[in-house]
Amino acid sequence: LAAAQEVLDSVMAVLKSKQDALAEVEDKIKKLQAVYDNSVTEKKNLERNMAVTAARLKRSSKLTSALADEQVRWEESVAMFTTQLSNVVGDVFIAAACVAYYGAFTSVYREELMTGVAMATIRELGAGGVHVAPVQRRLEDCVQELGLGVRATAEQVL
C-alpha cells in the first residue's frame, strides 16, 4: 500500500505539473487569441481607412484638375480687367462728355452723332489707346439709362 501510495503521489505530482503546464499554455492561447482578434480588427479598420483615403484622393484629383482649368479662366479675366481698368478713366470721361453734349439735341440728331462724327473720331483715336467697344458700350448704357432716345447697337455704330 505504501508503494502504491508513493506511485499515486508521484503520478499525482506529474499530473499536477502537467495541469499547470496546460494552464500556462491555455493562458498563452487566450493572450494570442486576443492579440489575433485585435490585429484582425485593426486590419479591417485600416482597410476601411484605406478605401476612404483612396476615394478622397480620387475626388481631390478631380478637384485639382477642375481648379487648374479655373485658374486659366481667372488669369484671362484678370488680364482683361487690368486692361479695362487702365482705360476706365478715359472711357468714362469720353462717355460723360458725350452724354452731356448729346443731351441738348433731339433724338434724331443724337443718333446721327452716334453713328457719324463721334464714332468716326473714336475709331480714329482707337489706335492711340482708346478702345472703341468699351467706350461704345458705356455710351449706349448711359444714353439708355437717361432715356435720351439713342438705340444704336454695336453693329450700327461700328
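All of the points below concern the structure found in this document. (Residues numbered from 1 in each chain as written. Predicted model: local features only at pLDDT ≥ 70, side-chain atom pairs only at ≥ 80, totals over all residues. Heavy atoms only, no water.)

1. Some remarks on helix H1 (residues 2-102)
Residue pairs three or four apart in sequence face the same way in an α-helix, which turns once every 3.6 residues. Between its first and last C-alpha, H1 extends 140 Å over 101 residues, near the 150 Å set by a 1.5 Å rise per residue. At Val88, H1 shows its maximal bend, which comes to roughly 50°. (Helix = DSSP H or I, 4+ residues; strand = E, 2+ residues; numbered from the N terminus. Expected span 1.5 Å × (residues − 1). Bend = angle between axes of the 7 residues up to and from the residue.)

2. A closer look at the pattern of salt bridges
Two side chains with opposite charge may pair up if their charged atoms get near one another. Scanning the model with the defined rule gives three salt bridges in all. Note that Asp20 and Lys16 form a salt bridge whose closest N and O atoms lie 3.6 Å from each other. Note that Asp20 and Lys16 are positioned in helix H1 at a spacing of four residues, about one turn of the helix. Look at Asp20 and you get partly exposed, because its relative accessible area is 36%. (Salt bridge = Lys/Arg side-chain N within 4 Å of Asp/Glu carboxyl O. Buried < 20%, exposed > 50% of the residue type's maximum accessible area, 1.4 Å probe, protein only.)

3. As for the nonpolar core
Of all hydrophobic cores here, the largest spans five residues; its members are Ile94, Cys98, Tyr102, Leu113 and Met114. Secondary structure elements with two or more residues in this core: H1 and helix H2 (107-115). Among the elements that take part in this core, H1 stands out by supplying three residues, more than any other. (Core = buried A, V, L, I, M, F, W, Y, C linked by side-chain atoms within 4.5 Å.)

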